[in-house]
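Below are the chains, spelled out letter by letter.
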Amino acid sequence: MFDTYMKDMNRLVWLPVSAGVLALPLLLGDGYYLNVLNFIALYSMIAIGLCLLIGYCGQLSISHSAFFAIGAYSSAILSLRFGFHPFVAILISQLISAVLALGIGSVVLRLKGHYLAIATLSFTIIVEVIIVEAAWVTGGLQGLSGIPPLSLGSMELDTDLGVYYVVWPVLLLLLLFALNLIDSRFGRVIKGIRENEDVMRLFGVGVYGYKVKVFVLSSVYASIAGSLYAHFIGFVSPSAASLSFAIDIIMVLAFGGFNLIWGAMLGAAAITYLTEYLTDFADFKRVAFGVALVVVMIIFPSGLLPGLQRWLKAGRRAPTGAQR
Amino acid sequence: MTTMIEISNIDVAYGKVPVLSDVSLTVAKGEIVTLIGANGAGKTTLFRALTGVLPKSRGSIVLDGKDITRMKPDRVAREGLAVVPEGRRLFGPMSVLDNLMLGSFLRLTGQGKGAVNEDLDMVFDLFPRLAERREQLARTLSGGEQQMVAISRALMARPKVILMDEPSIGLAPIIVREVFDVIRKLKESGITILLIEQNARMALKVADRAYVMEIGRITAEGDAGDLRQSDIIRKLYLAA
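Now for a quick tour of the structure.

1. Points about the interface of chain A and chain B
Okay, step 1: The interface is formed by 21 residues belonging to chain A together with 26 residues belonging to chain B.
Okay, step 2: Both sides together, the interface formed by chain A and chain B hides about 2,100 Å², and carbon and sulfur atoms give 69% of it.
Okay, step 3: Three residues, A:Arg188, A:Leu202 and A:Phe203, lead the burial of chain A against chain B; their summed loss comes to 37% of the area buried on that side.
Okay, step 4: Along the contact surface separating chain A from chain B lie one salt bridge.
Okay, step 5: B:Asp98 serves as the salt-bridge partner of A:Arg188, at 3.9 Å between the closest nitrogen and oxygen.
Okay, step 6: If you look at where chain A meets chain B, you find two residue pairs in polar contact (both at pLDDT 80 or more).
Okay, step 7: Looking at the side of chain A that touches chain B, the elements with two or more residues in it are α1 (2–28) and α8 (185–202) of chain A.
Okay, step 8: Take the side of chain A that touches chain B: its biggest share by element is twelve residues, from α8(A).

2. A look at the pattern of salt bridges
Residues and elements named next belong to chain B.
Okay, step 1: Throughout the structure, instances matching the rule amount to 21 salt bridges over all chains.
Okay, step 2: A salt bridge links Arg 58 to Asp 11, with the shortest nitrogen-to-oxygen separation between them at 3.0 Å. Linking Arg 58 in strand β4 (residues 58–63) with Asp 11 in strand β1 (residues 3–14), this pair joins segments that are 47 residues apart in sequence.
Okay, step 3: Using a relative accessible area of 18% as the deciding quantity, one classes Asp 11 as buried.

3. Considerations on the side chain of A:Lys191
Okay, step 1: Locating A:Lys191 in the fold gives a position in helix α8.
Okay, step 2: Polar contacts involving the side chain of A:Lys191 include one to the main-chain carbonyl oxygen of A:Ile182, which spans 3.3 Å.

4. Digging into the nonpolar core
General note: in soluble globular proteins, nonpolar side chains tend to be found buried as a group.
Okay, step 1: The biggest cluster of nonpolar side chains holds 139 residues, and the ones touching the most others in it are A:Trp168 and A:Ile261.
Okay, step 2: No other element matches helix α2 (residues 32–56) of chain A, which puts 17 residues into this core.
Okay, step 3: Those residues in contact with A:Trp168 that lie beyond four places of it in its chain are A:Val21, A:Leu37, A:Asn38, A:Ile40, A:Ala41 and A:Met265.
Okay, step 4: Grouped together as the second largest cluster of nonpolar side chains are 49 residues, B:Ala82, B:Val123, B:Met164 and B:Ala203 included.

5. Observations concerning the packing of aromatic side chains
Residues and elements named next belong to chain A.
Okay, step 1: In the structure shown here, the tally under the stated rule is 13 aromatic pairs over all chains.
Okay, step 2: Note on Phe 39 and Phe 232: the rings are 5.5 Å apart at their centroids and 50 degrees apart in plane angle, and the pair reads as tilted. Here Phe 39, found in helix α2, pairs with Phe 232, found in helix α9 (residues 207–233); they are 193 residues apart in sequence, far enough to count as distant.
Okay, step 3: On the accessibility criterion, Phe 232 (14% relative accessible area) is buried.
Okay, step 4: With a centroid separation of 5.0 Å and an interplanar angle of 70 degrees, the aromatic rings of Phe 68 and Phe 245 are classed as edge-to-face. You can see Phe 68 sitting in helix α3 (residues 64–81) and its partner Phe 245 sitting in helix α10 (residues 243–256), a full 177 residues away along the chain.
Okay, step 5: Residue classification places Phe 245 among the buried positions, given a relative accessible area of 12%.
Okay, step 6: By the ring-pair criterion, three or more aromatic residues cluster together here, those being Phe 39, Tyr 43, Phe 68, Tyr 229, Phe 232 and Phe 245.
Okay, step 7: The side chain of Lys 213 reaches across the aromatic face of Tyr 210, ending 5.1 Å from its centre.

What counts, and at which threshold
Residues numbered from 1 in each chain as written. Chains lettered and ligands numbered in written order. Predicted model: local features only at pLDDT ≥ 70, side-chain atom pairs only at ≥ 80, totals over all residues. Heavy atoms only, no water. Contact = heavy atoms within 4.5 Å. Buried area = accessible area lost by both parts, 1.4 Å probe. Salt bridge = Lys/Arg side-chain N within 4 Å of Asp/Glu carboxyl O. Polar contact = N/O pair within 3.5 Å; in protein donor to acceptor, adjacent residues only side chain to side chain. Helix = DSSP H or I, 4+ residues; strand = E, 2+ residues; numbered from the N terminus. Buried < 20%, exposed > 50% of the residue type's maximum accessible area, 1.4 Å probe, protein only. Core = buried A, V, L, I, M, F, W, Y, C linked by side-chain atoms within 4.5 Å. Phe/Tyr/Trp six-rings, centres within 6.5 Å; stacked < 30°, edge-to-face > 60°. Lys NZ or Arg CZ within 6 Å of the ring centre and 35° of its normal.

Written as structure tokens, this is what we have:
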């Protein structure tokens, strides 16, 4: 029902959403809100990538902060130490991330379920340790600063508005790619793997190869966000690779719905907004997050977006009924 | 007649516990062969050994002239064996159409979309009800309809042999009859089937030949009609 309904909706909804997104700065003007929106875009990229892997292919991975950091640090190092143009640095960084993801994925995807989660978690910890310890190249705990901003010719895109018109178009393209992918033959196969990989094997599917492909793709999504982040903020620190960040991203999916690309975006928006809104509470923010997550999981176990949709539908369909 | 499946003297064990010993079985092209036996006789173990899920400690399995003894499940599928697993094992939250298309995974890479569309027409001809429900989620279908999807999914692979594991399990008697009507229909179209069943009465009616399995061994074999008449089968399995 939901799957088939979404199939046609995906592309139909994408167009007006894109137009709206690109027109939004005209309404808001340059400033604080654009800054928040830029973070939402970056979070969404990671969330969409992770959604493909966890939600559609059923492989729980806790390594996306690691790939975010790999993307961020590669881009930072390439542009700072080797003088690459930021756009070139971003492209090379994706290549580096893809190769690493291929290597790591080929090993850890021989594992399943909890074992896979733990193996990817270990990888995240390893990456964080390497970033802290290899100070001669990564700057250690102090991180790297002075990363050049994105630029077009002589025009530096160092304002929120400039960054907005880079990260949002990139996000929209990544979104469209993901939407098309899940409706394609490839998408059907990975959903089948999520449902029952043993049966997929009995029908001739090389399950392992598919998992590795999704893992690489998903990691590159996170890495793109990382690279853009580095040039957007101009500074990277080991906190980008932290475990708590990895868990934040999974929380984004829990909010939005694990197996819905649009849900991943809504989750990213909700979490980013909450983070900003709760800034006054400093470290207590994590407590509020936890509570919010529990409430969402109880009321909408399948995530915020599917939950709201069902709720609205039920309201429309049963005006006479006793249901809420 | 050409032999499609030739299982010769295989032994299968779970770790150190032997489950199947010295099992041999053949299925000729266009034939329906049934393997009957009580719970725990080793029928599903044979299914898993044949599909490449379980390793064989002795013996060999040949599918249409090709040795598949040591092949992994996805390789065995490529050699032309399709399955209707026990309990159907459909992709529940996916549509009927998606389920069928996953059955034709290898056809799509090999023959392309045109061939697969023809297969779809063939399947919908056979099961008009599935054509009506193509967009419905598989898990929302009734048990009988789900069994039709499971059989169709196997047909979509255009296999040399279909291996069915207990297609009648968990279904109401009237639906069981429907399922066996379908198997009979498939037989008329010349499809080769190895049918693993507990429901000996129905299985013996539809099959050409039959094997009886008890505690991991084949204890009787022969023409399905003859076996239906034999005293021991009547007493043990038909309760008549």
